[in-house]
Every structure is written in structure tokens, then in C-alpha cells.
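Fold and geometry: a report
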Amino acid sequence: MFNENINITDYCSKRERLPLVPKISPNWITADYLGSVKCRISNSFRMKYKVAPGLYSLGEPDENSDVFASANYKLSFDILRKALNGLSAWILVLDTKGINVWCAAGKGTFGTAELVKRINKVKLTNVVNHMRIIVPQLGAVGINADEVRKQTGFKVYFGPVYAKDIKNYIEAGKRKTPEMRKIEFSTLNRLILTPMEIIPAIKKFFIFAIVVLLFFGLQPAGVIFKNAWVSGAPFLLFGLISIIGGAFITPVLLPFIPFRSFAIKGWIIGIISVAFILFFLNLHGQKNGLIRSVDFLFFPMASSYLALQFTGSTTFTNMSGVKKELKIALPIYLISVAISIILLVIYKLHKLAVI
Amino acid sequence: MKYLKNSASLNFITEKCTNCLICIDVCPHEVFAVKNKKVRVVDKDLCMECGACALNCKYGAISVNSGVGCASGIINGMLSGGAPSCDCGSSSSAECC
């Protein structure tokens, strides 16, 4: 009845050594799927989409099982646990304030200090009898492997960029193929990112719409709604077109649009869109030279500005380059806006028969 | 996909390199490669200035001016006079990379 082979002291000390490590499943439930979509759409939701930092166990890990470090952005954590399906492992979640591994590493929250602190806090040396920890490769932006080893004794293995490659990486004896090191930026990746470009732009569009309607509606007698709508509608359409051009078409077609500069890419899409609309739609008031100049000056530039914003979501642009682009583009943007306003004021004064 | 020509601030000092290969291991864009048994920068235009190589190079052979690469972050930095920042940590409504 009694198993004499169990060393009671060992057994008890082990129980004590392993305090409550939450067990997690590799399977996603409906809420996980819904959350993965929602955090691509809503900023406020994403910023609160977190798991508690600390140690988690997946499968039936023991003291020889691998330890994987992750961020406490729930989507990062979910993708990792899903990818580890079938394996028994420990997951060490760092407190990255709910930000994904790469961004958090860039800001230093997924960093050497936090990793060292978390290793000590969960007493990782009591949980495993090896000194290895697997960190996502993109975490290397914030984690100095040499420093972690000096401070904790743990040797950092920079794993693959993508969680989906983890199983192959482990099977190959923690060896990465060149493909496992590379970051992708497929059309689908870019498409997924566009809602976060479009939604903030739409918010600005409402302010733009109010200004446009007031401008066209303004008469000596007050704001005339009919004038506002009839003359303002084409501008609202162009506004929407530049959002679609800069925040959707440019990101999705990115590699197929000529030039490396995002500002130029966005401008090209913007000017094509404006020309296309003017050619195919007979819009009210657009035959006026002043208005037409504004169409071609302002809207492609708005599209260019939005396209430039997308640099923050890409996986290959660099800060020096974006600064270089901004240095040239910002003055052009400001001058274009100023000229557009002057042209519109002249147009308005002309309409009101002042000049 | 490549970004602007000759814009990356990556600087590699061959003399300090010991060919430990950590840079090749952490770079997500294959900027480095072994040529004639020595680590070399293959294409600087591929560099996105993430800084992983410079942080993990024990021998100080790599330097790169890394930071937030998003336009709104850089504009924020220009306006506030500080470093580019998209303020993910402090504000719950702020956009983030």
C-alpha cells in the first residue's frame, strides 16, 4: 500500500519548492479568439489585454523542462501557449505593461532588468535544475544575454522569431534555421494592421468634415446647410479617399508601389486616387481652377502623411530613415496646407463677390 | 522590402569583432553574414535599427542609433524636445507600435 521508494523529505521539500504555479492549457477558448480580433481594432481594449506576470506551467513540466519567457500582453502569451501544444514547459511571463515582446523590448520593459527580477522573484532555480531560458529572438532588442548570465546564472537562448517555429527549434536541439530568424511582413500581416491606421484617421476626418462643411456653408446670412453639403461633399469624398489611399491601399500594396520612401508611396496612391475620382465622377464645383488645385495639392499630401504613419507598424523601417523623411516631408506638408487654405480663402472671397 | 538607401546608423567595427556570431543570431533581417570566416555587414539598408546586435555584442563592435521608428513618435519627440516616444506605458489611450 505504501510506496517506500518515495523519499518523504524530498517529496515534501519539493511540494514546498513549487508554490502555486498556475496550470494553463494550450487550447484557446472562444474568448481568446474574440480577444485576438478585438485587440487589433480597439486601442483601449488592447492596452488592457494582459495576463498576470509570473510563472505558469503548461502540460506536465518537471525540473528538466524548458522555460520560455514571454510578455504579459495576453495575445503574445496566448500565441506562445498555443504553439507549445503537446510540449510540457514553464512559461515565465514578464511584466511588460501589457505590451508585446518586440515593442516592450524596444522600450526596455521586456528587458534585462525585468527578466533578472522575474527569475529571482519566482525562484526559478528552485523550479528547474538546469540554467537555460528561451527568450523570443525579438526580445534581444531589450535583453542582454551576457548580463542575464552574469546576474542570474541563466543562459539565454534566443529562440525563433515566431512561436510557430518553437517545436522545430526544440526538435533541432535549439538550433535555428536562417528562416526562423527572419521577420516576415506579408500582405496578410499588413492587412491586419490597417484598422489601427484607419480608425485614428477617421477620428481626425470628423474634425476635417466639420471645418469643410462650415467653410462651404458660410454665407453672409449664416451657415447655409444646402451650400455646405453640395459644395463640401466632394471634399469629404476626397478626404475619405485619402484615408483609404494612405492608411489602407499604401500599407497593403506596399512592396508594389515604386520608391522606398513611405511619404512618396502615399503621395502616389493619393494623386492616382484623386485623378481617378475626378475623371470618373462629375463632382459639383470641381471644374473651378482653385478648387481643383486644392484637390491635387491637399489630398495626395494627406494620403502621404497617413502612409508615413505606417512606418511605425512595419518591420523594416528605421528611425534614421523616418527622421530623414520627416525632415523633408513636414515642411512640404505645412506649406501645402497653408497654400490650400489661401486658395480656398481666395475662392470663397470670389464666390461672395468680395473680389 | 528595403527602406531608404544609406539611412541606417549601423556601425560595425571589424577589428573589435571576435566572430561570436551573436549578431547573426539576433538580427531579424540578415544584415550580418559570415564571409571568408569573418562576420560582415551584408546590406546596411536592411537594418531597422532595433539595436539587438549592439546590445548583445560583448565586444563593443557594433553601434546603432536605435529608437522608436514611427512617424507620430518622432513628431511627438520633436514637439516635446525629447526622445521619440509613442507613450505606450503612461497613457491608456495612446497608440502604440
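Parameters at a glance
Residues numbered from 1 in each chain as written. Chains lettered and ligands numbered in written order. Predicted model: local features only at pLDDT ≥ 70, side-chain atom pairs only at ≥ 80, totals over all residues. Heavy atoms only, no water. Patch = residues over 30% accessible without salt bridge, like charges linked within 9 Å, V, L, I, M, F, W, Y side chains within 5 Å. Areas by Shrake-Rupley, 256 points an atom, 1.4 Å probe, with all protein chains shown as cover. Salt bridge = Lys/Arg side-chain N within 4 Å of Asp/Glu carboxyl O. Helix = DSSP H or I, 4+ residues; strand = E, 2+ residues; numbered from the N terminus. Expected span 1.5 Å × (residues − 1). Bend = angle between axes of the 7 residues up to and from the residue. Contact = heavy atoms within 4.5 Å. Buried area = accessible area lost by both parts, 1.4 Å probe. Polar contact = N/O pair within 3.5 Å; in protein donor to acceptor, adjacent residues only side chain to side chain. Nonpolar A, V, L, I, M, F, W, Y, C, P; charged D, E, K, R; others polar. Buried < 20%, exposed > 50% of the residue type's maximum accessible area, 1.4 Å probe, protein only. Domains from an automatic or database assignment.

**Side note on a nonpolar patch on the surface**
Together, Val337(A), Ile341(A), Val345(A), Leu349(A), Leu352(A) and Val354(A) make up a nonpolar patch on the protein surface, roughly 440 Å² of accessible area in all. Note that Ile341(A) resides in helix H16 (residues 319–351).

**Quick look at H16(A)**
All names here are of chain A. With 33 residues, H16 should reach 48 Å at 1.5 Å per residue; the first-to-last C-alpha distance of 46 Å fits that figure. Largest kink in H16: about 30°, centred on Ala329, with the proline Pro331 one to four residues after it. In the stretch just after H16, Ala353 is the one whose phi turns positive, near 60°.

**Side note on the interface of chain A and chain B**
The interface of chain A with chain B comprises 50 residues on the first partner and 47 residues on the second. Of the roughly 4200 Å² buried where chain A meets chain B, counting both sides, 62% is carbon and sulfur surface. Of all residues in chain A, the largest losses of buried area upon contact with chain B belong to Arg260(A), Phe316(A) and Met319(A), amounting jointly to 19% of the total for that side. On inspection of chain A and its partner chain B, the count reaches five salt bridges. Two residues, Lys182(A) and Glu30(B), come together in a salt bridge whose shortest N-O distance is 3.5 Å. Seen at the junction of chain A and chain B, the total is 18 residue pairs in polar contact (both at pLDDT 80 or more). For the side of chain A that touches chain B, the element with the highest residue contribution is H16(A), accounting for nine residues. Residue composition of the side of chain A that touches chain B, grouped by class: 25 nonpolar, 14 polar and eleven charged.

**Some remarks on helix H6 (residues 112–121) of chain A**
All buried positions along H6(A) are accounted for by Thr112(A), Glu114(A), Leu115(A), Val116(A), Arg118(A) and Ile119(A). The first or second residue beyond H6(A) is Lys123(A), which carries a positive phi of 50°.

**Here's the deal with unusual backbone geometry**
Positive phi, close to 60°, is recorded for Lys97(A), a residue that is not glycine. As for its position among the elements, Lys97(A) is in the loop between strand S4 (89–93) and helix H5 (101–107). Overall, the relative accessible area of 44% leaves Lys97(A) in the partly exposed class. Of note, Lys37(B) is a non-glycine position whose phi angle comes to about 65°, a positive value.

**Section: the environment of Ile13(B)**
All names here are of chain B. By secondary structure assignment, the location of Ile13 is in the loop between strand S1 (11–12) and helix H1 (22–26). Looking at Ile13, the relative accessible area reads 27%, which means it is partly exposed. Along the primary structure Ile13 and Val41 are separated by 28 residues, whereas in three dimensions their C-alpha atoms are 10.0 Å apart. In this view, Ile13 contacts Gly60 and Ala61; residues no more than four positions away in its chain are not counted.

**So, the domain arrangement of chain A**
All names here are of chain A. Partitioning chain A into structural domains gives domain 1 (8–183) and domain 2 (188–351). A C-alpha centroid distance of 43 Å is found between domain 1 and domain 2. Across the contact, seven residues belong to domain 1 and five residues belong to domain 2. Between domain 1 and domain 2, roughly 550 Å² of surface is buried when both sides are summed, and carbon and sulfur atoms account for 65% of that area. Taken together, domain 1 and domain 2 are joined by zero salt bridges. Remark: the boundary between domain 1 and domain 2 carries zero residue pairs in polar contact (both at pLDDT 80 or more). Classifying every residue of the side of domain 1 that touches domain 2 by side-chain character gives three nonpolar, two polar and two charged.

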